[in-house]
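# Remarks on the overall topology
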Amino acid sequence: MSAISHNIKLLRKDIPSLVRLVVVSKHQPSESILDAYNSGERVFGENRVQELLEKQEALPKDIEWHMIGHLQTNKVKFIAPFVSLIHAVDSLKLLQEINRQALKNSRTINCLLQFHVAQEESKHGFKDIKKVNDLLNSEEYKALENINISGIMGMATNTISTSQVRNEFKMLKSYFDVLNQQHFSSNKNFKEISMGMSNDYPIAIKEEATIIRVGSKIFNHV
Ligand SMILES: *Cc1c(COP(=O)(O)O)cnc(C)c1O
């Protein structure tokens, strides 16, 4: 058995069946991704458009590709034909462009709203729920018919303090609950909380993540 399939087997033991695993394959060569594919994995995540395009072209067509990194509006058109979930949406402008490109491709694109809850400075992600409430209440948002907001996404601080990480995941879960109650109570498609990576996925699962995104634990033996 290869190291990668061994790592996946161990990881899978930790993941309840209702939690989805996104195998984060950024920087990995095709052989390593195929190794994970041959171990049964079908959901892969990339954080750069160019790399995502090359891999989608080269690898089996039944892979479900997720864009997990920051996405520039001018690059949406390249991934719109096939992307299965865009994790890091943080503006109305980006949502509008995703909608435009989804329409061109006669499809609906699933998106997650990204929240910034970590201590590290980052330009990306909503920092409070008010902006998101305003967005979801706006006429501009209501006019978008080719996007589906299926939940939220976030990253915890990179720290050894498990209590801090836990609190940040609890924060994400509370944002999810508020949005679910205020905007999506009659919409069963709003159901995902994407949080947890190699170092903190066990905490994320306890705090009710529905999607975890794991890379180095699978590919780099951490
Ligand atoms: C790289 C990355 C991950 C995976 O991180 P690991 O620590 O390698 O598991 C998850 N989410 C995002 C947004 C990433 O960029």
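See the structure above.
Below, the structure is looked at part by part. (Residues numbered from 1 in each chain as written. Predicted model: local features only at pLDDT ≥ 70, side-chain atom pairs only at ≥ 80, totals over all residues. Heavy atoms only, no water.)

### A few points about the packing of aromatic side chains
- Counting across every chain of the model gives five aromatic pairs.
- On the numbers, 4.4 Å between centres and 25° between planes, the contact of F115 with Y175 is stacked. Separated by 60 residues along the polypeptide, F115 in strand 5 (residues 109-116) and Y175 in helix 8 (residues 162-183) bring together distant segments of the chain.
- A relative accessible area of 1% places F115 in the buried class.
- Residue classification places Y175 among the buried residues on the basis of a relative accessible area of 13%.
- With 4.0 Å between their ring centres and 0° between their planes, F184 and F190 make a pair best called stacked.
- Ring-pair connections join several aromatic residues into one group, and the members of that group are F115, F126 and Y175. (Phe/Tyr/Trp six-rings, centres within 6.5 Å; stacked < 30°, edge-to-face > 60°. Helix = DSSP H or I, 4+ residues; strand = E, 2+ residues; numbered from the N terminus. Buried < 20%, exposed > 50% of the residue type's maximum accessible area, 1.4 Å probe, protein only.)

### Considerations on the site of the ligand
- For the ligand, the full set of nearby residues is V24, K26, I68, M153, M155, M197, S198, R213, V214, G215 and S216.
- Between S198 and the ligand, the recorded distance is 2.5 Å, taken from a side-chain N or O atom to an oxygen atom.
- Measuring from a nitrogen atom of the ligand, one finds a side-chain N or O atom of R213 at 2.9 Å.
- Within the complex, 85% of the 390 Å² of free accessible area of the ligand lies under protein.
- A molecule is said to occupy a pocket when more than half its atoms come within 2 Å of that pocket's grid points, and by this definition the ligand occupies the largest pocket.
- When residues of the shell around the ligand are traced back to their parent elements, those giving at least two are strand 6 (147-155) and strand 8 (211-214). (Near = heavy atom within 4 Å. Polar contact = N/O pair within 3.5 Å; in protein donor to acceptor, adjacent residues only side chain to side chain. Areas by Shrake-Rupley, 256 points an atom, 1.4 Å probe, with all protein chains shown as cover. 1 Å grid on protein atoms, 1.4 Å probe; cavity = no way out; pocket = protein on both sides within 12 Å on 5 of 7 lines; lining within 4 Å. Sits in = over half its atoms within 2 Å of the grid points.)

### Looking at helix 5 (residues 92-104)
- Over its 13 residues, helix 5 extends 18 Å from the first C-alpha to the last, a length consistent with the 18 Å expected when each residue adds 1.5 Å.
- Inspection of helix 5 places L94, L95, E97, I98, N99, Q101 and A102 among the buried residues, and these make up the whole buried set.
- On its buried face, helix 5 sits against helix 4 (76-79), strand 4 (85-89), strand 5, helix 6 (129-137), helix 7 (139-142) and strand 6.
- In the stretch just after helix 5, S106 is the one whose phi turns positive, near 50°. (Expected span 1.5 Å × (residues − 1). Contact = heavy atoms within 4.5 Å.)

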